[in-house]
Amino acid sequence: MGVEKDHIKKAFGSVLHDLRTEKKITHVELEDLSGITRKHIYNLEKGLNDPTLSNIFKLANAMGVKPTQLIKKVESDVLREQ
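Residues numbered from 1 in each chain as written. Predicted model: local features only at pLDDT ≥ 70, side-chain atom pairs only at ≥ 80, totals over all residues. Heavy atoms only, no water.

1. Points about the overall build of the protein chain
And then number 1: Scanning the protein chain from terminus to terminus reveals 5 helices and 0 strands.
And then number 2: Going from N to C terminus, the protein chain has its helices and strands arranged as α-α-α-α-α.
And then number 3: What you see for the protein chain is a C-alpha radius of gyration of 12 Å, in line with the 12 Å of a compact globule of 82 residues.
And then number 4: With the C-alpha coordinates aligned to their principal axes, the bounding extent of the protein chain is approximately 35 × 20 × 20 Å.
And then number 5: For the protein chain, the proportion of its 82 residues judged to be buried stands at 37%.
And then number 6: For the protein chain, restricting intrachain contacts to residue pairs at least 6 apart in sequence, the fraction spanning at least 24 positions comes to 63%.
And then number 7: With an accessible surface of roughly 5,300 Å², the protein chain has 52% of that area assigned to carbon and sulfur atoms. (Helix = DSSP H or I, 4+ residues; strand = E, 2+ residues; numbered from the N terminus. Rg over C-alpha atoms; globule rule 2.2 N^0.38 Å. Buried < 20%, exposed > 50% of the residue type's maximum accessible area, 1.4 Å probe, protein only. Contact = heavy atoms within 4.5 Å. Areas by Shrake-Rupley, 256 points an atom, 1.4 Å probe, with all protein chains shown as cover.)

Encoded structure:
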């Protein structure tokens, strides 16, 4: 799978943003729930930062989903655009 790193970061950011807004969670609320700063969350959503495995687990837990759900959505987005 020859996918560029920036493409994966942008896909993760899009999935994170969509899920957060679908759940009607603000950046501030997600910061409180996950322990990740809202600036870092914002940068993840914009595709500027790489998500760590630890952060994926924290964000998924904070939004009430399994980490695999986040990863599967990112994978689906990446594969669809190839």
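2. Examining the side chain of Asp-77
And then number 1: Among the structural elements, Asp-77 can be located in helix 5 (residues 67-80).
And then number 2: Contacts of Asp-77, omitting those with residues within four sequence positions, involve Ala-11 and Val-15.

3. Some details on the packing of helix 1 (residues 5-22) against helix 5
And then number 1: Where helix 1 contacts helix 5, the two axes come as close as 9 Å, and the packing angle between them is 125 degrees. Between helix 1 and helix 5, the angle is such that the two are oblique. Regarding helix 1 and helix 5, the two cross each other, and that crossing is right-handed. Judged by residue contacts, His-7, Ile-8, Ala-11, Phe-12, Val-15 and Leu-19 of helix 1 engage Leu-70, Lys-73, Val-74, Asp-77 and Val-78 from helix 5. (Axes fitted to C-alpha atoms, helices over the stretch in contact; angles between N-to-C directions. Parallel < 35°, antiparallel > 145°, perpendicular 65-115°, else oblique. Left-handed = near helix turned anticlockwise from the far one by under 90°.)

4. Quick look at the packing of helix 4 (residues 53-63) against helix 5
And then number 1: Closest axis-to-axis distance for the helix 4/helix 5 pair is 8 Å, and the angle between their directions is 110 degrees. Judged by the angle between their axes, helix 4 and helix 5 are roughly perpendicular. Where helix 4 abuts helix 5, its residues Ile-56, Phe-57 and Ala-60 lie against Pro-67, Leu-70 and Ile-71.
And then number 2: A breakdown of the residues in the contact of helix 4 with helix 5 according to their chemical character gives 6 nonpolar, no polar and no charged. (Nonpolar A, V, L, I, M, F, W, Y, C, P; charged D, E, K, R; others polar.)

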